[in-house]
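Residue-level listing of the chains:
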Amino acid sequence: MKAAVVVFPGSNCDRELTVAFQMAGFSVDNVWHKDAELPHDIDIVGLPGGFSFGDYLRCGALAAQSMICGALKAHAERGGYVLGICNGFQMLTEMGLLPGVLLRNAGLKYLCKTVNLRVPTTNSIFSCAYDENEVIQFPIAHHDGNFFADDQTLSALDAEDRVAFRYVENINGSRQNIAGILSSNRRVLGMMPHPERAVEDIHQSVDGSKLFSSVAGAFVST
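The present account deals with the structure reproduced in this document. (Residues numbered from 1 in each chain as written. Predicted model: local features only at pLDDT ≥ 70, side-chain atom pairs only at ≥ 80, totals over all residues. Heavy atoms only, no water.)

## With respect to the sheet that holds strand β9 (residues 163-167)
Okay, step 1: Across the sheet, nine strands lie side by side as β2-β1-β3-β4-β11-β10-β9-β6-β7; this open sheet has mixed pairing. Sheet topology places β2 (27-32) and β7 (135-142) at the edges, where each strand pairs with a single neighbour. On average, each strand axis in the sheet is tilted by 20° relative to the strand beside it, whichever way the strands run.
Okay, step 2: Judged from the three bridges that link them, strand β1 (residues 2-7) and strand β3 (residues 44-47) form a sheet pairing that is parallel. Looking at the pairing, Val5 lines up with Gly46 of β3.
Okay, step 3: Helix-sheet contacts for helix α3 (residues 87-94) involve β3, β4 (81-85), β10 (178-182) and β11 (188-191), and the interaxial angle to β4 is about 120°. (Pairing = 2+ DSSP bridges. Helix = DSSP H or I, 4+ residues; strand = E, 2+ residues; numbered from the N terminus. Axes fitted to C-alpha atoms, helices over the stretch in contact; angles between N-to-C directions. Contact = heavy atoms within 4.5 Å.)

Here it is as structure tokens:
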């Protein structure tokens, strides 16, 4: 199993994401944003959290124009798996690989704490190790994590069972408490909370390890 973690200037969670994939059994290549191609035979691409390009213009907007993103889009469009966390989620919406947008938190404050999430669906390789409606704990660390989409998009996300995670308590103003969503083919996940910061005993929670082992298990089974 092979994963690639894309690194941008301002990324600060690339090491944690690399280690989380490695703990689940993946070999991991770190890819610089100026590279034109992804490594051969990659199973999943990870877009880490942080402040790519200093969050100038809009969070993730400049990163979405990076050279590597052409290869990333091609990977996703041919059915490849992608996991975007925090700033990575913002990039995925900017690239059009996921609907909606991440706005400034409703309270206009940067939030950094552990929160409770509910798992509405187990119908994805990212969530199949959890129980449906299981409550788990992941850290958050964002200033622009307020998920917004129009009513039609929200209805489609619900009808297609594409809401991967919801906040138990709406901490940032996200519509319908949405913390993470899936693409229409269920192979791209964008989420604001940080599962890679909840994989070891030293962390406050190890609930994130199930996400990475779930992904690994899906590749082993195939």
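## What to know about the layout of surface pockets
Take a probe with the size of a water molecule and roll it over the atoms, and the empty space left behind shows itself.
Okay, step 1: For the largest pocket, the calculated volume is near 210 Å³.
Okay, step 2: Together, 14 residues line the largest pocket, and Arg58, Cys59, Leu102, Arg104 and Asp144 are the ones closest to its centre.
Okay, step 3: Secondary-structure elements contributing two or more residues to the lining of the largest pocket are α3 and β5 (101-103).
Okay, step 4: Across the lining of the largest pocket, the residue classes tally to six nonpolar, three polar and five charged. (1 Å grid on protein atoms, 1.4 Å probe; cavity = no way out; pocket = protein on both sides within 12 Å on 5 of 7 lines; lining within 4 Å. Points joined across faces, edges and corners; volume = space filled by probe spheres on them. Nonpolar A, V, L, I, M, F, W, Y, C, P; charged D, E, K, R; others polar.)

## Quick look at the pattern of salt bridges
Here the idea is simple: oppositely charged side chains can pair when their charged atoms come close.
Okay, step 1: Summed over all chains, the structure comprises seven salt bridges.
Okay, step 2: Its salt-bridge partner being Asp144, residue Arg104 comes within 3.1 Å of it at the nearest N-O pair. Within this pair, whereas Arg104 is found in the loop between β5 and β6 (111-118), its partner Asp144 is found in the loop between β7 and β8 (146-148), the two being separated by 40 residues in sequence.
Okay, step 3: Overall, Arg104 belongs to the partly exposed group, its relative accessible area being 44%.
Okay, step 4: Where Arg166 meets Asp158, a salt bridge forms, and the shortest distance between an N and an O atom there is 2.8 Å.
Okay, step 5: The class for Arg166 is partly exposed, based on a relative accessible area of 21%.
Okay, step 6: Residue Asp158 is classed as partly exposed on the basis of its relative accessible area of 35%. (Salt bridge = Lys/Arg side-chain N within 4 Å of Asp/Glu carboxyl O. Buried < 20%, exposed > 50% of the residue type's maximum accessible area, 1.4 Å probe, protein only.)

Purely geometric numbers; function is a separate question.
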